[in-house]
Amino acid sequence: MISPALKLKMLSLHLALSLAPIALVLAVPNVKERSGAADPCVKVAGQAFSPPADALACMKTFPFNETIRQNVMATVSGVFDFFTFEDYYLDIAPPFEESTANIRAELQRINTTTYSTDFDFSKDLYDFITRLNDGHTRWFPACYWSVWQNILPTPPLEVDGVQNVFVAPDAVEFIEQLGTEFTSFFDSMHFNWRRLAGAKVLRINGLDAYDYVDRIASNTSGNYLDHGVRVNSVFSSYRIDATNAFSQRLGDLAGPVFPDPESVTFTLIPVNSTQQETITIPYLASFLGQPFTDSASYWKNNCAANSATNGVDNSPLGGLAPEVIVPLRMRGEIMDASLKQAIGLPPPFQPNLPIVAGQNGTVKSFILSDNATGVLFVGSFGGDEQTFQQDTVTAVNTFKQRGVTRLIVDLSNNGGGFVCLGQWLHKFLAGSAAVQIPGFQSSSRANPLAQKIVKGDISRNISSNVAFYPPTNWNFLNDTAFPPSFDYNDPSLPFHINGQSEPTSQRFLDNCNAEFFQPFPVEPPFDLTKVILVGNGNCASTCAMFSTLMHERHNIKNVPGEQLQYKGMAGNQVLEWADLDSEIKTAGVKSDLLAPPDLIVNANMRVNWRTAYSFFDESKPIAFVSEPASIQFPYTMETYNNPQKIWEFVAATTL
């Protein structure tokens, strides 16, 4: 645990620091004058693409600032008090032991390390929290995270199931979508990256190619406890983008979210050759942040806290007018920086089947040429909830009308979304006769501040429309609603793991009825032995909970493409820092010494706020239950990044 003296030191700052943001912003223009050097941010201002070294030089313009560190560490430390899995991390059981960490000891290390620049401090904190491999619990400094994304013109993939690494054969069609401003950089160097498409990669930076991929999965990818799932995240793969169109991820090797590697060296054998070549391939950094003209405006527009950084008081005392209230929706999803750089899946790889329903939504449906197999490609559990449900109902009704008897649900790169949408799809596919309660038992950490939040919400009569802690959000385990005055944190329940004892809330269920817009069939629309879930394991949060519900309760088969867990990251609900801060302020306890301070930089410390427990063993969180896929198959040169070919393969060999 972090030392009491250090924690008190950090907490004591929160009132004084509330006055700091303006002073910090005004101090930035003096950076260039103090250094006596040209402002490196001027060189890259207004550029869509820049050499990574130039982008990094701009980021490293800002010297380390102890006031910023103490503010950030006080907030991060306070947020970790709500992290439901903190004590599990002290000694994680196999196969997830790679993520084991003493969180408080690492925070203490970061709080006492000497750094030259603010970037170095922020990146160290980012790297540590990323290596926890929990996509719900991440530190995202907006000053640096995905402001520039590095892009390699030769994204790799794995085929044949024997750890063979290749440059994506569609690299030319894929990368040229970035336009001539990107490709001309390489042309000006007379670097012919196009001839490398489809090449077999033997070594990367001197290591066996797959060993290097493992290193990226261990140290950079994050988000998923299972190492195999993170390996798949290193490679290029298909998904939908923010517009719900089919797109292709660069992967964590070809699209890192910081511009710190300038190049990578591949030893490879090009297509139609037997000769090995060793080639150093440069990255080019794509600017995705807020526009700027110099270091001062870079800091002001990308780094300084703004009106959305911290939370607000949503109580009547906070002045929120009832007519502007938009009811909250429980979310469980990862934040994928690569969505900012959405590159379309090249047309030859997109399905050429007519879409049955969901042309513009997150659910897209098709009927394969065998006329017996329907496909629901569920790209996300986000978007509009009513559209999601209507598109699913329309698709299934059409499948039934056209004689479809088998169903493939493709969850590739589904980052999660609304918790209740996952429960709706589970109950819709399994039928209401078999599913009275469509979700998991859940709990949250009942630390002293959390107990004060619940009491504050009850005393202030806070509505479940504006906060998640009010009791009316939740149900008893018999699925009846908590009364408005029910304090589920007091008395708390004892919790013991890895020699630690922490209070936890009483168990509860999600109250999702208000988010179920379409009725449920009594019986499953398809024989559940003829339903199969397909994906690459990058199925996060709500997606992981949905797939776990289908597997644990109904024995639905899961078919990832490699040796890995079928579910990715399986927390229960994420709170962004602004959400958690709003909970604290709305309950009237922001002035409490236990409350984390407002951030004075633009950043987000999100946290896994609730635990979902396994249906098989309700003493264990599903996140830490090892559940390998039922069936596994390797990608091939024919099926990689080609959803229709994958669906046809599964229909012919598995269903």
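Before any of the text, the structure's been laid out above.
Each value, and the rule that gives it
Residues numbered from 1 in each chain as written. Predicted model: local features only at pLDDT ≥ 70, side-chain atom pairs only at ≥ 80, totals over all residues. Heavy atoms only, no water. Helix = DSSP H or I, 4+ residues; strand = E, 2+ residues; numbered from the N terminus. Pairing = 2+ DSSP bridges. Axes fitted to C-alpha atoms, helices over the stretch in contact; angles between N-to-C directions. Phe/Tyr/Trp six-rings, centres within 6.5 Å; stacked < 30°, edge-to-face > 60°. Buried < 20%, exposed > 50% of the residue type's maximum accessible area, 1.4 Å probe, protein only. Core = buried A, V, L, I, M, F, W, Y, C linked by side-chain atoms within 4.5 Å. Contact = heavy atoms within 4.5 Å. Disulfide = S-S within 2.5 Å. Salt bridge = Lys/Arg side-chain N within 4 Å of Asp/Glu carboxyl O. Polar contact = N/O pair within 3.5 Å; in protein donor to acceptor, adjacent residues only side chain to side chain. Parallel < 35°, antiparallel > 145°, perpendicular 65-115°, else oblique. Left-handed = near helix turned anticlockwise from the far one by under 90°.

Draft legend 1. Local environment of the environment of Cys539. Within the secondary structure, Cys539 sits in the loop between β23 (531-535) and α17 (542-554). Spatially, the C-alpha atoms of Cys539 and Glu98 are 20 Å apart, while their sequence positions differ by 441 residues.

Draft legend 2. Main features of the sheet that holds strand β18 (residues 442-444). Overall, antiparallel pairing links the 3 strands, which are arranged β18-β27-β25 in an open sheet. If you trace the sheet from one side to the other, it starts and ends with β18 and β25 (573-575), each paired once. Neighbour-to-neighbour, the strand axes of the sheet open up by a mean angle of 30°, direction not taken into account. Pairing analysis gives 3 bridges linking β18 to strand β27 (residues 607-612), with the strands arranged antiparallel. Paired with Ser444 across the strands is Arg610, a residue of β27.

Draft legend 3. Expanded view of the packing of aromatic side chains. Inspection of every chain in the model, using the stated rule, returns 50 aromatic pairs. Summarising the aromatic geometry, the rings of Tyr210 and Phe235 are spaced 6.4 Å apart at their centres and angled 40° between planes, so their arrangement reads as tilted. With Tyr210 in helix α11 (residues 209-221) and Phe235 in the loop between α12 (227-234) and β8 (237-240), this residue pair connects regions lying 25 residues apart in the sequence. Phe235 shares its class with Tyr210; the two are buried.

Draft legend 4. Layout of the nonpolar core. Formed by 118 residues in total, the largest nonpolar core has its most connected members in Leu125, Trp139, Trp148 and Tyr298. Sorting elements by how many residues they give to this core places helix α15 (residues 419-430) first, with 7 residues. In contact with Leu125, not counting residues within four places along its chain, are Val72, Met73, Val76, Leu107, Ile110 and Trp139.

Draft legend 5. The state of the cysteines, seen in detail. Per the stated rule, a full pass over the model turns up 4 disulfides. One disulfide in the model links Cys143 with Cys303; its S-S distance is 1.9 Å. One disulfide, between Cys143 and Cys303, carries an S-S torsion of 60° and so falls in the right-handed class. Of this pair, Cys143 sits in the loop between β2 (139-141) and β3 (148-151) while Cys303 is found in helix α13 (residues 295-303), placing the two residues 160 residues apart along the sequence. By relative accessible area, which is 5% here, Cys143 ends up buried. Cys303 gets classed as buried once you look at its relative accessible area, which sits at 1%. Of note for the protein: the bonded cysteines, numbered N- to C-terminal, pair according to 1-2, 3-4, 5-6, 7-8.

Draft legend 6. Structural context of the pattern of salt bridges. Under the criterion given, the structure shown has 33 salt bridges. Its salt-bridge partner being Asp592, residue Lys452 comes within 2.6 Å of it at the nearest N-O pair. Placement of the pair is Lys452 in helix α16 (residues 448-460) and Asp592 in the loop between α18 (577-586) and β26 (603-605), with a sequence separation of 140 residues. You can call Asp592 buried: its relative accessible area is 18%. Salt bridges sharing partners connect three or more residues here, namely Asp81, Glu86, Arg104, Arg445 and Glu502.

Draft legend 7. Here's a closer look at the side chain of Asn473. Considering the arrangement of structural elements, one finds Asn473 in the loop between α16 and β19 (474-475). Not counting residues up to four positions away in its chain, the partners in contact with Asn473 are Ser464, Ala467, Phe468 and Asn511.

Draft legend 8. Local environment of unusual backbone geometry. Residue Pro95 is bonded to the preceding Pro94 through a cis peptide linkage, with omega at 5°. As for its position among the elements, Pro95 is in the loop between α6 (66-80) and α7 (103-112). Look at the link from Asp490 to Pro491: it is a cis peptide, with omega at 10°. Tracing the chain through its elements places Pro491 in the loop between β19 and β20 (493-497). Of note in the backbone geometry, His190 takes a positive phi value of approximately 60° without being a glycine. With respect to the helices and strands, the residue His190 is situated in the loop between α10 (180-188) and β6 (200-204). Phi at Asn371 takes a positive value of approximately 60°, unusual for a residue other than glycine. Position of Asn371 among the secondary structure elements: in the loop between β14 (363-367) and β15 (373-378). We classify Asn371 as partly exposed; its relative accessible area is 48%.

Draft legend 9. Layout of the sheet that holds strand β12 (residues 284-287). The 3 strands lie next to each other as β1-β12-β3, forming an open sheet whose pairing is antiparallel. Two strands in the sheet have a free side with no partner beyond their single neighbour: β1 (49-50) and β3. Strand direction decides the pairing type here: β3 and β12, joined by 4 bridges, are antiparallel. Counterpart to Asn150 in the pairing with β12 is Ala285. Contacts from α10 reach β1, β3 and β12 within the one sheet, and its direction differs from that of β12 by about 160°.

Draft legend 10. Inspection of α12 at higher detail. Burial analysis of α12 places 7 of its 8 residues in the buried class, which makes it a mostly covered element. Those residues of α12 that are buried lie in contact with β4 (156-159), α11 and β9 (246-249). One side-chain oxygen of the residue at the start of α12 lies 3.3 Å from the amide nitrogen of Gly228, identifying that residue as Asp226.

Draft legend 11. Representation of the packing of α6 against helix α8 (residues 118-130) within the structure. Two elements in contact, α6 and α8, have axes whose closest approach is 11 Å; the angle formed by their N-to-C orientations is 15°. Viewed along their axes, α6 and α8 adopt a mutual orientation that is roughly parallel. Seen along the crossing, α6 lies across α8 with a hand that is right-handed. Contact residues: α6 offers Ile68, Arg69, Val72, Met73, Val76 and Phe80, while α8 offers Asp118, Phe121, Leu125 and Ile129.

Draft legend 12. Geometry of the pairing of β15. Counted residue by residue, β15 has 6 buried out of 6 residues, so it is predominantly covered. As judged from the 5 bridges shared by β14 and β15, these two strands associate in the antiparallel manner. The residue bridging Ser365 from the neighbouring strand is Leu376, located in β15. Count of turn residues in the β14/β15 antiparallel hairpin: 5 residues, of which Asn371 carries a positive phi of about 60°. Bridge analysis of β15 against strand β16 (residues 406-410) gives 5 bridges, and the strand direction is parallel. What sits directly across from Val375, in β16, is Ile408.

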